[in-house]
Amino acid sequence: MERLSGNATMSDLKPGDDSSSGPNPAMSIDKLFPALLECFGIILCGYAAGRTSIITSTQAKGLGNFVSKFALPALLFKNMVLLDFGNVIWSFLWSVLVAKVTVFFIVCVLTLLVTHKDTRFSKAGLFSIFATQSNDFALGYPIVEALYKNTHPDYLQYIYLVAPISLMVLNPIGFAFCEVQKRQAEQGQQQSKLHVVGVVVLQVLRNPIVFMVVIGIASHFLLGQKIPPFMEEFVDGLANSFGGAALFYLGLTMVGQLKKLTKSTLVALILLITAKLLVMPLICRGMVEILDNGNISSLNHTSLSNYAFLYGVFPTAPSVAIYAAHYNMELQVVTSGMVIGTFLSAPIMYVSAWLLTIPWMDSKLLASALQNVSFNISIVSLFALVWCVAVSIMSKKYCRLPHMLAVNLFVAQLGVCIGMIAWNFVVVKDNFIGQILTFTLLYGSLYSTYIWPGLIALSLFLIKRDEELNVQPGFIIIAGWGMPVLAMSILLLVGKKMPDTIDSAFFFGTAQLVCTSVVLSVGIAVAGISLALLSRGAHDYQTLEQETLNGTTEDLGADNIIQARCTIEPPSIEDDFRRNCQGCECNSASVQSNVVKRSSVKNTSSVQSGECESFCDSSHCLLVEEEQKLQTTERQIARHVLLCLLLTVSLLANLSSCLWWLFSNIPGRLYLELQFFCAVVNFGQGFISFGIFGLDKNLIILPFKKRCGQRSIAETFLGNEMVLWLQTVGLASDQGEALLYGSRLLEGGVIHHITHNYGFLDDTLHYRFTENMTNN
């Protein structure tokens, strides 16, 4: 099989190897979409019930207790008793065990290496659990049932066999890390190591899920693989209530979780979701390929490896959020990651299953489809990158570090898009020189995009350490372009052009894959080490962001009200304020009379005072001076870190694709899915760059908002501030009750929205007390 090249016949892929064109397909794809619709429909119903406060968070806890302490233990007990161990392929179980232990170990070690000692152990424990504990029963089982019930019904019982790996083996290790962190935080209480072990063991044994697994296995042998008739209906009733209730509760737990997502948690969140939805399925499949080699049936072997991949895509279980809440550690990352991971897993599972069941297409059609996807994405990405380069030039950031290096990355990404657009026309012509020149532009630029994220991360670390980059930027720029040129030169010298190929990724065959793997490895190594050092140097990514934002106004969400702001400081600097505000159209008297006395339910940053009624157009205004200062000094380190991180994740996907082909005789259809993903991230890098740097605040956002003329409203407060205040003072026990309380105040005429267009919502909407209430 020649990858996706034009001369490939795909004849090496026998029907028994990885095809569903035969009479016995490996799975039933026609039932997958209804199963996904059922699962995610119930989840959305739960979310809607929580969002509209039909069921408050306090009430949801009761449903959660029923699901976790009654329904799920009964379900596990029933299936442990009925398990047929005679039909178990134990190599599959060991493969999943090795995969989970591997991912757990990788996440744990990396977290211990890059995080600060104050939060090191809690993050290592909870993040490792997050990456390995799947939502096997509520979401995984219905999907496996839809796919394999008619073809491989024995696969269903593996869900109950692999779940205890996390519950009884890995989770206790994570709990131990959390207990160690808890002990360090409670410095006044000296606890022995034996005490920590005892607490962890007791916590595991007290878990009804673990307890019923043990009881179920014992009953399996004592009761002869059959539940006694007198308790069968009772157990069935509890077990059957689990599915819908668990999915509905999952929706309830998602309410308000994305609001907890901040820039400081975004880095950890991206890495964890990558580990769960990309690394875990790849390792699961790889372990089955290695450990299940003795399987006599190649069809069953391939089906098992595909099943392992799908199992790895299952999102994180909501119980991980319960663990985080119990220890009061890393709740923002875990809850936000659970929501995002759940909804990202749906399209991945569907596309994966679809590719595994369709009849294998002709290689030329596949190569043509991949070429069209790359071409179309390159056209759109080209415009996004031209915009990014224009913004960098107009804002004069291109001459300052690290923006200077980012502009080089944008240029390399531009070269990739131009090269792919040109390749689409050159490859169909019999013009060897034109193909070589176009390929050199395309892959020279692509190799450069593999190197630049690491170099940008390295420069960020050097800047963070010494404030000023001691190494001349010219050396970094030479390395960013020199290494790809060197790699291309070697490839052109030793590579051999494949005949009749239209796939640029396989133009020089295996030699090109080896060269690409080496460049990717170098880029990943430099980026990974630099980001790790940068994280340790800043103690935490949160600390890094805080220090970055102290000198910049990156946070677009912070500017809810954009107008010239002359802030009244304490009396000792009032004179300075008045002098500096003389440049505005408003004078000090008008400022005094137009002070915004914003009634706030918080005693912190929500109070806004001393705002000018009109815009400040003078160049002497404090706001204008501050903006000019920011334009010349801001480095936007947090945004550069995010750019490097996202691109490094794409490098991991590309490296997985190369290694998959190099070490697998028959890559299979899941490899095709990975290839399409790599095409999207390679030629769609412009979307990432545009999303992070395309909307420059000082050049685009602020002028646009000023034109909109948004003004501050006197004596107002935000809806989400009041929701928090009502809970703080004890008038409401949770968010739902606070919403109901605020709604009653609005219906009773005590408060109203400033435009009377909205009811009371937990959002950044402005409300005020009615005039009668303020007069009283």
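The numbering scheme is per chain: residues are counted from 1 as the chain's sequence reads. In keeping with the model being predicted, local features are shown solely for residues with a pLDDT of at least 70 and side-chain atom pairs are shown and tallied solely at 80 or more, while totals for entire chains, interfaces and linings include all residues. Excluding hydrogens and water, the side-chain figures rest on all heavy atoms present in the structure.

A run of DSSP states H or I qualifies as a helix once it reaches four residues; a run of E qualifies as a strand once it reaches two. Both are numbered from the N-terminal end. Helix and strand content of the chain: 31 helices and three strands. To sort residues, take the accessible area from a 1.4 Å probe on protein chains only and compare it with the maximum for the residue type: under 20% means buried, over 50% means exposed, and anything in between is partly exposed. Counting every position in the chain, which comprises 776 residues, the buried fraction comes to 53%. Considering only contacts within the chain whose residues lie at least 6 apart along the sequence, 80% involve residues at least 24 apart. Counting only carbon and sulfur atoms, one obtains 63% of the accessible surface of the chain, whose full area is about 34600 Å². Contacts between residues were defined by any pair of non-hydrogen atoms, one from each residue, lying within 4.5 Å. Per-residue and other accessible areas follow the Shrake-Rupley method at a 1.4 Å probe size, with only the shown protein chains counted as cover for residues.

Let us now look at the packing of aromatic side chains. For any pair of aromatic rings, the description rests on two quantities: the centre-to-centre distance and the angle between the ring planes. Centres within 6.5 Å make a pair out of two Phe, Tyr or Trp rings, where for Trp the six-membered ring is used; the pair is then stacked when the planes are under 30 degrees apart, edge-to-face when over 60, and tilted otherwise. Counted according to the given criterion, the structure contains 30 aromatic pairs. Ring geometry for Tyr 447 versus Tyr 450: centroids 6.1 Å apart, planes at 40 degrees, classification tilted. One end of the pair is Tyr 447 and the other is Tyr 450, both in helix α18 (residues 432–466) and three residues apart, which spans about a single turn. Taken together, a centroid distance of 5.3 Å and an interplanar angle of 50 degrees make the contact between Phe 760 and Tyr 767 tilted.

This next bit is on empty space enclosed by the protein. The way it works is a 1 Å grid over only the protein atoms, where trapped points that fit a 1.4 Å probe form a cavity and open points with protein on both sides within 12 Å along at least five of seven lines form a pocket, and then any residue with an atom within 4 Å of a point lines it. Grid points are joined across faces, edges and corners, and a volume is the space filled by probe spheres set on the points. Counting across every chain of the model gives eight cavities of 30 Å³ or more. Size it by volume and the second largest cavity reaches roughly 90 Å³. Along the wall of the second largest cavity there are 13 residues; nearest its centre are Ser 392, Lys 397, His 403, Gln 636 and Phe 693. For the lining of the second largest cavity, the elements supplying multiple residues, two or more each, are α16 (363–394), α17 (403–426) and α27 (685–694). Looking at which element gives the most residues to the lining of the second largest cavity, the answer is α17, with three residues. Residues belonging to the lining of the second largest cavity are distributed by class as follows: six nonpolar, four polar and three charged. Under the scheme applied, nonpolar residues are Ala, Val, Leu, Ile, Met, Phe, Trp, Tyr, Cys and Pro; charged residues are Asp, Glu, Lys and Arg; polar residues are all the others, including Gly.

The next point concerns the side chain of Asn 135. Mapped onto the elements of the fold, Asn 135 is located in the loop between α5 (120–132) and α6 (136–148). Once residues within four sequence positions are removed from consideration, Asn 135 is found in contact with Gly 140, Leu 250, Pro 315, Thr 316, Ala 317 and Pro 318.

A word on unusual backbone geometry. Despite not being glycine, Ser 53 shows a phi value in the positive range, around 65 degrees. Mapped onto the secondary structure, Ser 53 falls in the loop between α2 (32–51) and α3 (57–82). We classify Ser 53 as buried; its relative accessible area is 9%. One non-glycine residue, Gln 225, adopts positive backbone phi at about 60 degrees. Mapped onto the secondary structure, Gln 225 falls in the loop between α9 (208–222) and α10 (229–240).

You can see Ile 421 is positioned in helix α17. Not counting residues up to four positions away in its chain, the partners in contact with Ile 421 are Phe 375, Ser 378, Ile 379 and Leu 382.

What follows deals with the pattern of salt bridges. Note on definitions: salt bridges are taken to be side-chain nitrogens of Lys or Arg within 4 Å of carboxyl oxygens of Asp or Glu. Overall, the coordinates contain three salt bridges when judged by the stated rule. The shortest N-O distance in the salt bridge between Glu 289 and Arg 285 comes to 3.5 Å. Taken together, the positions of Glu 289 and Arg 285, both in helix α12 (residues 263–291) and four residues apart, correspond to about one turn of that helix. Here Glu 289 falls in the partly exposed class, since its relative accessible area comes to 25%.

So, about a nonpolar patch on the surface. Here a patch means residues that are over 30% exposed by relative accessible area and free of salt bridges, tied together within 9 Å if like-charged and within 5 Å if nonpolar (Val, Leu, Ile, Met, Phe, Trp, Tyr). A cluster of nonpolar side chains, Phe 33, Leu 37, Tyr 350, Val 351 and Trp 354, forms an exposed patch at the surface whose accessible area comes to about 490 Å². Among the secondary structure elements, those contributing two or more residues to the nonpolar patch are α2 and α15 (331–357). Here the nonpolar patch takes three residues from α15, the largest share from any one element.

What follows covers the nonpolar core. Nonpolar cores are built from buried Ala, Val, Leu, Ile, Met, Phe, Trp, Tyr and Cys residues. Side-chain atoms within 4.5 Å join them into one set. Judged by nonpolar contacts, the single largest core of 91 residues is most densely connected at Phe 92, Phe 137, Tyr 158, Phe 242 and Tyr 307. Ranked by size, the runner-up nonpolar core spans 74 residues in total, among them Leu 382, Leu 462, Ala 487 and Cys 644.

Looking at chain direction, strand β1 (residues 717–718) and strand β3 (residues 766–769) are connected through two bridges and run antiparallel. The residue of β3 that forms the bridge with Leu 718 is His 766. Criterion used throughout: strands pair if DSSP finds at least two bridges between them.

Turning our eyes to something else, we now look at the packing of α3 against helix α11 (residues 242–253). One way to put it is that α3 packs onto α11 with a least axis distance of 10 Å and a crossing angle of 145 degrees. In the crossing of α3 with α11, the sense of the turn from one axis to the other is left-handed. Counted together, Ala 60, Leu 63, Gly 64, Val 67, Ala 71, Leu 72 and Leu 75 of α3 and Phe 242, Ala 245, Ala 246, Phe 248, Tyr 249 and Leu 252 of α11 form the full contact between these two elements. Class assignment of the residues belonging to the contact of α3 with α11 gives a composition of 12 nonpolar, one polar and no charged. For helices, the fitted line uses only the C-alpha atoms of the stretch in contact; every axis is such a line through C-alpha atoms, and the angle between N-to-C directions lies from 0 to 180 degrees. Left-handed describes a crossing whose near helix is turned anticlockwise from the far helix through less than a right angle; right-handed describes the clockwise counterpart.

Next up on the list: the sheet that holds β3. Within the open sheet, the three strands sit side by side as β1-β3-β2. Their pairing is antiparallel. On the outer flanks of this sheet lie β1 and β2 (751–753), each paired with one strand and no other. Where helix α30 (residues 735–747) meets the sheet, it contacts β2 and β3, and its direction lies at approximately 90 degrees from that of β2.

So, on to the environment of Ile 42. Considering the arrangement of structural elements, one finds Ile 42 in helix α2. Under the relative-accessibility criterion, Ile 42 is labelled partly exposed at 23%. C-alpha separation for the pair Ile 42 and Phe 248, spaced 206 residues apart in sequence, amounts to 5.5 Å. In this view, Ile 42 contacts Gly 244, Leu 247 and Phe 248; residues no more than four positions away in its chain are not counted.

Per-residue confidence from the predictor is reported as pLDDT, a score between 0 and 100. Scored by pLDDT, the chain comes out at a mean of 75, with 75% of its residues at no less than 70. Within the chain, α17 carries the highest mean pLDDT (90), whereas helix α23 (residues 588–593) carries the lowest (36). Confidence drops under pLDDT 50 across residues 1–24; counting only partners more than four residues distant or on other chains, this segment forms 67 contacts. Segment residues 538–628: pLDDT under 50, and 169 contacts once partners within four positions in sequence are set aside and those in other chains are kept.

Turning our eyes to something else, we now look at α9. Taking 1.5 Å of rise per residue, the 15 residues of α9 would be expected to cover 21 Å, and the 20 Å separating its terminal C-alpha atoms lies within 8% of that figure. Looking at α9, one finds that the buried residues are Ile 209, Val 210, Val 213, Gly 216, Ser 219 and His 220. A positive backbone phi angle near 65 degrees is found at Gly 224, which sits one or two residues after α9. Residue count minus one, scaled by 1.5 Å, sets the expected span of a helix.

Here the focus is helix α7 (residues 158–185). For α7, built from 28 residues, the straight-helix expectation of 40 Å at 1.5 Å per residue is met to within 8% by its first-to-last C-alpha distance of 40 Å. Across the chain, bend at a residue is computed as the angle between axes fitted to the seven residues ending at that point and the seven starting from it. Where α7 bends most, the angle comes to about 45 degrees, and this point is Asn 171, followed within four residues by the proline Pro 172.

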